[in-house]
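Read off the chains here:
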Amino acid sequence: MISDVFLEQLRTACPLEEIARTYVDLKRRGRTYVCNCPFHSEKTPSCTIFPDTQSFYCFGCGAGGDVITFVQRIENLDFMDAVKLLAQKCGMTIPEQEADAAQTRMRKRIFAVNRAAANFYYRMLTGRDKRGLQYFVSRHLTTATIKKYGLGFAPDTWDALTSYLLQNGFTEEELLLADVAHRSKRGTLYDTFRNRVIFPIVDLRGNVIGFGGRVLDDSQPKYLNTAQTPVFDKGKNLFSMQFAKNAVTTTLILAEGYMDVIAVNQAGFENVVATLGTAITPDQARKISQYAKTVVIAYDSDAAGQNATQKAMRHFSEVGIQTKVLRMNGAKDPDEYIQKFGAERFRMLLEGADDAINFQLDRCEVGLDLQTESGRATLLQRATEVLVQISDPVTRDVYLMRTAEKCNISADVLRLQVQRKQKKRQEIQKKKAFSNMVEHTITAQQIMPVQNGIPAVSSRTIKAQERLLCYLLSQPEQILSVAAQIKPEQFEIPVYQKLFCTLQERSQQEKDCSISALGTVFSPEEMGTISRLLNLKQTCPVSMQEVTDCIQLLQTTSAAAPETDDDLRRLVAQKIKKNQAWQ
């Protein structure tokens, strides 16, 4: 395990606000910083960074913790890898004997398996069966491009790769963990990828984390990807991001498949990526937002591609990325367009890409006869839904005038309709924001035991537990004194009981009780709860009298009548409304 001393030195060397600033746009707000949460999609900042406690907490999704937790979540790493990444950033060396040996060794072995498999597939391109190489040549890929992406071929045999890896010292368990092999009903291993060209998937640190495979005939599925492993999640990674992140531009091209990306890259555009066999996810959109301000969506021109474009635009809008859409006349995808018209024409196509609003407004006309009144009425209804999403009034008015002219109606009439729709949307958003505030104010209520539909702990008891833990997190020297008066069993909520026991144990052993030290014991999700408790004292400090009252309440908790979940929600809602009215 990593020592407390080293973790404290690491946290000091890597201030949370400085590390977070490399991923998100921070804004100063008094003694804290706020930003749009990088862990869920939002347009109004709800994530707060507290420099005083070197912790963060999102009031929208409940994410929280310290600088290590932040890096864990945003880079999709385990605890040890997050520590290593931070240590590398600040030039610190982790003592070898302090590494989390088992987990670190497992991940290293999976990376090694993937690296060996990638080398095997690459060599198979020039082996006896050259169909893979012939396929790439037929797609006009150069030798340099094939080498750059490490493209390969999986032979049409059951266990060629499996036998090779086992002979080179890897175990069956390691092959299964990396998902390069599966186990048959008879108990023998067979290769996951067979008779396919192979596209290695590489992370931002240059590790091969998985593979994509394409068939050479009409077999199904046409594309096959590595399943989720300890080092790979296809919903959180992007193909060719290791090259795109180094491009000297704030614009990124999003293509639909491996070959599109490779063709565009070979044509001289490093700033291109693709998802891994799925529609783009919120996690991938947030990752892209760390490297780009504008995304040009270059999906296929068929119906499926256009529908995927609509979904992608919504995700990018939620993370504040400007979106443009490529319209490719005469070709179904970027690969075909470049083959037909060349790289320079593709560059001109990129420069003239439509913005997302024009794309959406044009899509509103699909399937309508604008020569009829019903067609124009439907177009107005669809266009209104698009126009209300434009926040800038000047920009909105430009598109509004265009739509009014196309439908041959008064711009004032359309403007009034948009304003009404906007007002309704704002009311819905306010109610949703208020509901979220109530939900996260009573987080503990949602995770505590329930008996016959009634919470087994009263709201007063919950508050007492939270206030005590808030006090102990900020005054760890008082833990043993408090522990002498109450028992762990009096914390009925599992995460609260675990926190109390951990603080007591670490205090008895004279170990650090800081939030960074707790990260070695608690999951990133639990760290969110701890961060919330730690920072309660920022808005409402805990007095010694309150500590005494809380202890007395917990000692007599069995006599307290439980309140229902609805009672608590109502009380919280009333308190928040009073505070809002006072402000």
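Calculation rules
Residues numbered from 1 in each chain as written. Predicted model: local features only at pLDDT ≥ 70, side-chain atom pairs only at ≥ 80, totals over all residues. Heavy atoms only, no water. Helix = DSSP H or I, 4+ residues; strand = E, 2+ residues; numbered from the N terminus. Buried < 20%, exposed > 50% of the residue type's maximum accessible area, 1.4 Å probe, protein only. Polar contact = N/O pair within 3.5 Å; in protein donor to acceptor, adjacent residues only side chain to side chain. Salt bridge = Lys/Arg side-chain N within 4 Å of Asp/Glu carboxyl O. Phe/Tyr/Trp six-rings, centres within 6.5 Å; stacked < 30°, edge-to-face > 60°. Lys NZ or Arg CZ within 6 Å of the ring centre and 35° of its normal. Pairing = 2+ DSSP bridges.

(A) Up close: unusual backbone geometry. Note the cis peptide between Gln 220 and Pro 221, where omega equals -5 degrees. Inspection of the secondary structure puts Pro 221 in the loop between strand E10 (208–215) and strand E11 (223–225). For Asn 76, which is not a glycine, the phi torsion comes out positive at approximately 55 degrees. You can see Asn 76 is positioned in the loop between helix H3 (67–75) and helix H4 (79–90). On the basis of relative accessible area, Asn 76 is assigned to the partly exposed category, the value being 36%.

(B) Geometry of the side chain of Glu 466. With respect to the helices and strands, Glu 466 occurs in helix H21 (residues 459–474). Its relative accessible area of 10% is what places Glu 466 among the buried residues. A polar contact of 2.6 Å, which involves the side chain of Glu 466, links it to the side chain of Tyr 496.

(C) Summary view of the pattern of salt bridges. One pass over the full model with this rule turns up 22 salt bridges. Across the pair Glu 8 and Arg 11 runs a salt bridge, and its minimum N-O distance is 3.6 Å. A residue pair is termed a helical-turn pair when its members lie 3 or 4 positions apart in one helix, as Glu 8 and Arg 11 do in helix H1 (residues 4–13) at 3 residues. Here Glu 75 makes a salt bridge to Arg 205, at a shortest N to O gap of 3.9 Å. With Glu 75 in helix H3 and Arg 205 in the loop between strand E9 (196–202) and E10, this pair connects stretches of sequence that are 130 residues apart. Salt bridges sharing partners connect three or more residues here, namely Lys 332, Asp 333, Glu 336 and Lys 340.

(D) Seen up close, the packing of aromatic side chains. Enumeration according to the criterion identifies 21 aromatic pairs in this entry. Consider the rings of Tyr 135 and Phe 136, whose centres lie 5.6 Å apart with planes at 65 degrees: the pair is edge-to-face. As far as burial versus exposure is concerned, Tyr 135 and Phe 136 are alike and both buried. Consider the rings of Phe 269 and Phe 346, whose centres lie 5.4 Å apart with planes at 70 degrees: the pair is edge-to-face. You can see Phe 269 sitting in the loop between helix H11 (258–266) and strand E13 (272–274) and its partner Phe 346 sitting in helix H15 (residues 343–351), a full 77 residues away along the chain. By relative accessible area, Phe 269 is classed as buried at 5%. Classification of Phe 346 as buried rests on a relative accessible area of 0%. Feature note: the residues Tyr 135, Phe 136, Tyr 149, Phe 199, Tyr 223, Phe 239, Phe 243 and Tyr 258 constitute an aromatic cluster, connected by ring pairs. Here the guanidinium or amino end of Arg 73 rests over the ring plane of Phe 39, the centre of that ring lying 5.3 Å away. Cation over ring: Lys 148 sits above Phe 243, and NZ or CZ is 4.8 Å from the ring centre.

(E) A look at the side chain of Arg 506. Here Arg 506 shows up in helix H23 (residues 494–508). Its relative accessible area of 9% is what places Arg 506 among the buried residues.

(F) Broad picture of the pairing of E9. Counted residue by residue, E9 has 7 buried out of 7 residues, so it is predominantly covered. Where strand E6 (residues 152–154) and E9 come together, 3 bridges link them in antiparallel fashion. Counterpart to Phe 153 in the pairing with E9 is Val 197. Bridge analysis of E9 against E10 gives 7 bridges, and the strand direction is antiparallel.

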